[in-house]
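Working through the structure, step by step
In case you want the letters, here they are:
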Amino acid sequence: SYGWATDDLVYMWKSQDPVQIGKGISLPRFVIEKYSSDYCNVKTSTGEYSCLLMELTLKREFSYYMLTIYVPTCMLVIVSWFSFWIDPKAVPARVALGVTTLLTMSTKTASISNSLPPVAYTKAVDLWTGVCIFFVFFALLEYTAVNAAARSDAKRLIAAKNKKSPAKDKTDHEDDSVYCEINLLASRKNNICMQWLARFPSRAKKIDVISRVLFPIVFASFNLMYWCYYLTKEDE
């Protein structure tokens, strides 16, 4: 109280249960984890003034943010991977899916940023949404590589058809010599991945097949590191 100095008025906490919170009182999106009481008397040139201080420690409601932020953005990332199973010749379908998921993800990120208080540092949710946009964008960028590879494969196929192999003259040898050719080749271990990729002749199909495996693995690895870091940090 700046109206009365400590000579006239002194605030004091009760010795037992100084802070009491009603059972029916709650905060949206937050849970009151703990609270404490203290004194914060202020000394100025005009005198000393009594002051009471109460500190509240709030914890965000995890289930609310899980259902409204993490699950929808994770679903958008997974939906962007559906383009890997669409035929590369279906240009409108793949481009529309990639652009739609990217715009939806950008709108969702802007909505999340507007609903949270602005701060000067990078929050955990900022890292999550940034990585999700990164995956959606690269899923769209992947089709650019697939389209370029498909056009290159088509040109090579046309060039191979137009190319005529020269006829080879065969001559008989009059001598009775017998030629024996021995090739000593080092044994190569069969690479399972290379054998699997060899089933797909075109490079465009190989890029799609690799993306079907690579994108989920990288995203799952990011989730593992993200949740392990922030959940253990929260416990500390």
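Scroll up a little and you will see the structure.
The paragraphs below set out a description of the structure included in this document. (Residues numbered from 1 in each chain as written. Predicted model: local features only at pLDDT ≥ 70, side-chain atom pairs only at ≥ 80, totals over all residues. Heavy atoms only, no water.)

Some points on the overall build of the protein chain
Spelled out, the test is: Helix and strand labels come from DSSP, where a helix needs a run of H or I of at least four residues and a strand needs a run of E of at least two; each type is numbered from the N terminus. For every residue, the accessible area (1.4 Å probe, protein chains only) is compared with the maximum for its type, and the residue is labelled buried under 20%, exposed over 50%, or partly exposed between those bounds. Residue contacts are defined here by distance: any two heavy atoms, one from each residue, within 4.5 Å place the two residues in contact. Each accessible area value is a Shrake-Rupley result obtained with a 1.4 Å probe; residue values ignore everything except the protein chains displayed when judging cover.
For the protein chain, the helix and strand inventory stands at 5 helices and 4 strands. Along the protein chain, helices and strands appear, N-terminal first, in the series β-β-β-β-α-α-α-α-α. Across the 236 residues of the protein chain, 21% fall into the buried class. In the protein chain, of all internal contacts separated by at least 6 residues, the share reaching a separation of at least 24 is 72%. A total accessible area of about 18,100 Å² is found for the protein chain, and carbon and sulfur atoms account for 61% of it.

Digging into the packing of helix H2 (residues 91-115) against helix H3 (residues 124-162)
The criterion, for reference: Every angle, taken between N-to-C directions, lies between 0 and 180 degrees, and every axis is a line fitted to C-alpha atoms, over only the stretch in contact when it is a helix. Each angle gets one of four labels, with under 35 degrees taken as roughly parallel, over 145 as roughly antiparallel, 65 to 115 as roughly perpendicular, and the rest as oblique. Helix crossings get a hand from a simple test, with the near helix turned counterclockwise from the far one by less than a right angle marking a left-handed crossing and a clockwise turn marking a right-handed one.
Taken N-terminus to C-terminus, the directions of H2 and H3 make an angle of 165°; their axes are 10 Å apart at the nearest point. Here H2 lies roughly antiparallel to H3, going by the angle between them. The hand of the H2/H3 crossing is left-handed. Contact with H2, carried on its side by Val-91, Arg-94, Val-95, Gly-98, Val-99, Thr-101, Leu-102, Met-105, Thr-109 and Ile-112, involves Val-125, Thr-129, Cys-132, Ile-133, Val-136, Phe-137, Leu-140, Glu-142, Tyr-143, Val-146 and Asn-147 of H3 and no other residues of that element.

Here we look at the state of the cysteines
The condition that has to hold: Criterion for a disulfide: a pair of cysteine sulfur atoms at a distance within 2.5 Å.
Following the criterion strictly, the structure yields 1 disulfide and no others. With its sulfur 1.9 Å from that of its partner, Cys-40 forms a disulfide with Cys-51. What sets the handedness of the Cys-40 and Cys-51 disulfide is the S-S torsion sign, and at about -50° it is left-handed. Placement of the pair is Cys-40 in the loop between strand S1 (30-39) and strand S2 (42-44) and Cys-51 in the loop between strand S3 (47-49) and strand S4 (52-60), with a sequence separation of 11 residues. Overall, Cys-40 belongs to the partly exposed group, its relative accessible area being 21%. No disulfide involves Cys-132; its sulfur sits 6.8 Å from the nearest other cysteine sulfur, which is in Cys-74.

So, a nonpolar patch on the surface
Quick reminder of the rule: A patch is a set of surface residues, each over 30% in relative accessible area and not in a salt bridge, joined within 9 Å for like charges and within 5 Å for the nonpolar side chains Val, Leu, Ile, Met, Phe, Trp and Tyr. What counts as a salt bridge is simple: a side-chain nitrogen of Lys or Arg found within 4 Å of a carboxyl oxygen of Asp or Glu.
Together, Ile-21, Ile-25, Leu-27, Tyr-35, Met-54, Leu-56 and Leu-58 line one region of the surface with nonpolar side chains, adding up to about 620 Å² of accessible area. The element that contributes the greatest number of residues to the nonpolar patch is S4, accounting for 3 residues. Within the element layout of this structure, Met-54 appears in strand S4. Judged by its relative accessible area of 40%, Met-54 is partly exposed.

Side note on the nonpolar core
Which entries qualify depends on this criterion: To define a nonpolar core, start from buried Ala, Val, Leu, Ile, Met, Phe, Trp, Tyr and Cys residues and group those joined through side-chain atoms within 4.5 Å.
Counting 24 residues, the largest nonpolar core has Tyr-70, Val-77, Trp-128 and Phe-219 as the members making the most contacts within it. Elements with a minimum of two residues in this core: helix H1 (62-80), H2, H3 and helix H5 (203-235). For this core, the leading source of residues is H3, giving 8 residues. Look past the residues within four positions of Val-77 in its chain and what remains in contact with it is Cys-132, Phe-135, Val-136 and Phe-219.

Brief notes about unusual backbone geometry
A positive phi is found at Asp-17, a non-glycine position, where the angle reads about 50°. Here Asp-17 shows up in the segment before S1. On the basis of relative accessible area, Asp-17 is assigned to the exposed category, the value being 55%.

Regarding the packing of aromatic side chains
Filter applied, for reference: Two aromatic rings, drawn from Phe, Tyr or Trp (for Trp, its six-membered ring), form a pair once their centres lie within 6.5 Å of each other, and the interplanar angle then sorts them: stacked below 30 degrees, edge-to-face above 60, tilted otherwise.
Considering all chains together, one arrives at 21 aromatic pairs under this definition. A centroid spacing of 6.0 Å and a plane angle of 50° characterise the contact between Trp-128 and Trp-227, whose relative ring orientation is tilted. Here Trp-128 is found in helix H3, whereas its partner Trp-227 is found in helix H5, with 99 residues between them in sequence. Here Trp-128 falls in the buried class, since its relative accessible area comes to 1%.

Some thoughts on the side chain of Thr-101
Rule in force here: Residues adjacent in sequence count toward polar contacts only when both atoms are side-chain atoms; beyond that, a polar contact is any pair of N or O atoms within 3.5 Å, and within protein one must be able to donate a hydrogen and the other to accept it.
With respect to the helices, strands and loops of the structure, Thr-101 is situated in helix H2. Residue classification places Thr-101 among the buried positions, given a relative accessible area of 4%. Engagement of the side chain of Thr-101 in a polar contact is seen with the backbone oxygen of Gly-98, the distance being 2.9 Å. Contacts of Thr-101, omitting those with residues within four sequence positions, involve Leu-76, Val-79, Ser-80 and Val-136.

Side note on H1
The condition is simple: To estimate how far a helix should reach, multiply one less than its number of residues by 1.5 Å. Axes are fitted to the seven residues ending at a residue and to the seven starting at it; the angle between these axes is taken as the bend at that residue.
Along its 19 residues, H1 runs 26 Å from first to last C-alpha, staying within 8% of the 27 Å computed at 1.5 Å per residue. Taken as a whole, H1 carries its principal kink of about 30° at Tyr-70; the proline Pro-72 stands between one and four residues after it. Those residues of H1 that fall on the buried side of the exposure criterion are Tyr-65, Ile-69, Tyr-70, Thr-73, Leu-76, Val-77 and Ser-80.

Limitation: the analysis is restricted to geometry and does not speak to function.
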